[in-house]
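# Residue-level structural notes
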Amino acid sequence: DKAGHKHFMAKEITEQPAVIGDALGHYLSADGRDVTLPGDGLDFSGFDRLTMVACGTAYYACLTAKYWFEQLAGMPVEVDIASEFRYREPPVTPRTCAVFVSQSGETADTLAALRYCEGKADTILSVVNVDESSIARESDLALPIHAGAEIGVASTKAFTCQLTVLLLLALKAAKDRGAMSADDMADTLSSLRGLPATINHALELDDDFAKAARRLSEADNALFLGRGLMYPLALEGALKLKEISYIHAEAYASGELKHGPIALIDKRMPVVVMAPRDALFDKTVSNMQEVMARGGKVMLITDHAGAAETDEGVWRLIEMPEVDPVLAPILYAIPAQLLAYHTAVAKGTDVDQPRNLAKSVTVE
Ligand code: M6R
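What you are looking at is a predicted structure, and each value in this text was computed from that prediction instead of being measured.

### Details of the overall build of the protein chain
Tallying secondary structure elements over the protein chain gives 14 helices and 10 strands in all. For 364 residues, the compact-globule formula gives about 21 Å, and the C-alpha radius of gyration of the protein chain, at 20 Å, lands near that figure. Projecting the C-alpha coordinates of the protein chain onto the three principal axes gives extents of approximately 55 × 45 × 45 Å. For the protein chain, buried positions account for 59% of its 364 residues. Sequence-distant contacts, at least 24 apart, represent 75% of the contacts inside the protein chain between residues at least 6 apart. Accessible surface, the protein chain: about 14400 Å² in total, of which carbon and sulfur atoms supply 48%. Averaged over its 34 positive side-chain charges, the protein chain has a centre that lies 5 Å from the centre of its 51 negative ones.

Printed below as a string of structure tokens:
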């Protein structure tokens, strides 16, 4: 049932404020000031490192989480693609917490990576949408993301719910390891409780994204750039776009631009820049200027403060609602999704069942 939407993907995009709210309801204490996990006893102060393994969009959720665990909890984190991890014979030290993120809980490579860690890692944790899945069953602790059934092949609400649960885990780790005060934690959780409303505001920009997407749909190639927490989001934006619109898209950390990809820039190359006005904004702006100086068409997705500091010459500018910088990746998933969705609609591709793709990749 598409609930009046043309596609499951559109329905699932609009469900995000509700399902994120639901996920928060399951993981916050009654007074909203603390994180509570199902099952007792998970304590991040006993771990030396986190090893996070996943595929596709779930891998980008892990990459985002790496920034959170490092910055908030001071915890060393490595992130790996499951198909690489499982065959590389990586050493897994005993005080490792291994985390597997999977919407379906059935992805063959992720499951094999989990089995590789059995008997090696201290704890096997999974972050899943399907509670009865193989990955959930074989974990010491499975944390459901509460996104509800996701039908569209392109992952949308599962991604933002994965991010929400991973951020809550990073906050719990910060507290367990004495890296964050109870008051700072309560402040971040309070911003997080306001996030569904902010996402609703972003969803109201649907027409702006549809207009921008009509221009993007004329391109053969696109680049996505981001720095810091926006780098994994750039990767997710490029994956969404290629997956459903079949436009060739690549993402780079903004600082990598001059190490190669800048050679691709000409007037036919749209460059989507995801950049709220955060501590790294000025650096991203200078990368953007390098693109514009070479005729590249910049589509800047920023907030009010960022828009105010941007010069002329930007091809398209979309102004997002303001958000606590730590939550920006969850909010900026919306533009990544809406741009891809409307580009696919403009191109007339099969949004919910893109060619060659399966919802759950149970063979390697
Ligand atoms: O079910 P999983 O989360 O393990 O699936 C992982 C990937 O196959 C999945 O995220 C894929 O990249 C999506 N189609 C992306 O939209």
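### Focus on the layout of surface pockets
There is about 520 Å³ of room inside the largest pocket. Every residue lining the largest pocket is counted, 27 residues in all, and those nearest its centre are Cys55, Gly56, Thr57, Lys359 and Val361. Broken down by secondary-structure element, the contributors of at least two residues to the lining of the largest pocket are α3 (56-73), β3 (96-102), α5 (108-117) and α10 (230-245).

### Here's the deal with the pattern of salt bridges
Opposite charge on two side chains permits pairing when their charged atoms draw close. In this structure the tally under the stated criterion is 19 salt bridges. In this structure, the salt-bridge partner of glutamate 15 is lysine 157, at a minimum N-O distance of 2.7 Å. With glutamate 15 in the loop between α1 (8-14) and α2 (16-27) and lysine 157 in helix α7 (residues 157-176), this pair connects stretches of sequence that are 142 residues apart. In this structure, aspartate 109 and arginine 86 form a salt bridge, with 2.7 Å as the shortest nitrogen-oxygen distance. Remark: arginine 86 occurs in helix α4 (residues 82-88) and aspartate 109 occurs in helix α5; sequence separation between them is 23 residues. Classification of aspartate 109 as buried rests on a relative accessible area of 12%. What you see here is one network of salt bridges that share partners, running through Lys11, Glu15 and Lys157.

### Structural notes on empty space enclosed by the protein
Over the atoms rolls a probe the size of a water molecule, and its path tells where empty space is left. Tallying each qualifying case throughout the model produces 1 cavity of 30 Å³ or more. Here the largest cavity is characterised by a volume of approximately 40 Å³. In terms of lining residues, the largest cavity is bounded by Arg227, Met230, Met274, Ala275, Pro276, Asp278, Leu280, Phe281 and Thr284. For the lining of the largest cavity, the class distribution of residues is 6 nonpolar, 1 polar and 2 charged.

### Considerations on the side chain of glutamate 12
Tracing the backbone through its elements, the reader meets glutamate 12 in helix α1. Although glutamate 12 is buried, it forms no salt bridge, and the closest oppositely charged side chain is lysine 157 at an N-O distance of 5.0 Å.

### Some thoughts on the site of the ligand
Neighbouring the ligand are 14 residues, the closest being Ser102, Gln103, Ser104, Thr107 and Glu243. Taking threonine 57, its main chain carries an N or O atom lying 3.1 Å from an oxygen atom of the ligand. In this structure, an oxygen atom belonging to the ligand sits 2.7 Å away from a side-chain N or O atom of serine 104. Calculation on the ligand without its partners gives an accessible area of 410 Å², and the protein chains cover 91% of this total. Among the elements of the structure, α3 and α10 are those that each provide at least two residues to the shell around the ligand. Of the residues in the shell around the ligand, the class split is 5 nonpolar, 7 polar and 2 charged.

### Points about the sheet that holds strand β2 (residues 77-81)
If you walk across this open sheet you meet the 5 strands as β2-β1-β3-β4-β5, and the pairing is parallel. The strands lining the two open edges of the sheet, one partner per strand, are β2 and β5 (141-144). The average undirected angle you get between the axes of adjacent strands in this sheet is 20°. Where strand β1 (residues 49-54) lies against β3, 5 bridges are found, and the strand directions are parallel. Paired with leucine 50 across the bridge in β3 is cysteine 97. Sheet strands in contact with α3 are β1, β2 and β3, and its direction is about 170° off that of β2.

Each value, and the rule that gives it
Residues numbered from 1 in each chain as written. Predicted model: local features only at pLDDT ≥ 70, side-chain atom pairs only at ≥ 80, totals over all residues. Heavy atoms only, no water. Helix = DSSP H or I, 4+ residues; strand = E, 2+ residues; numbered from the N terminus. Rg over C-alpha atoms; globule rule 2.2 N^0.38 Å. Buried < 20%, exposed > 50% of the residue type's maximum accessible area, 1.4 Å probe, protein only. Contact = heavy atoms within 4.5 Å. Areas by Shrake-Rupley, 256 points an atom, 1.4 Å probe, with all protein chains shown as cover. Lys, Arg positive; Asp, Glu negative; His and termini not counted. Charge placed at Lys NZ, Arg CZ, Asp CG, Glu CD. 1 Å grid on protein atoms, 1.4 Å probe; cavity = no way out; pocket = protein on both sides within 12 Å on 5 of 7 lines; lining within 4 Å. Points joined across faces, edges and corners; volume = space filled by probe spheres on them. Salt bridge = Lys/Arg side-chain N within 4 Å of Asp/Glu carboxyl O. Nonpolar A, V, L, I, M, F, W, Y, C, P; charged D, E, K, R; others polar. Near = heavy atom within 4 Å. Polar contact = N/O pair within 3.5 Å; in protein donor to acceptor, adjacent residues only side chain to side chain. Pairing = 2+ DSSP bridges. Axes fitted to C-alpha atoms, helices over the stretch in contact; angles between N-to-C directions.

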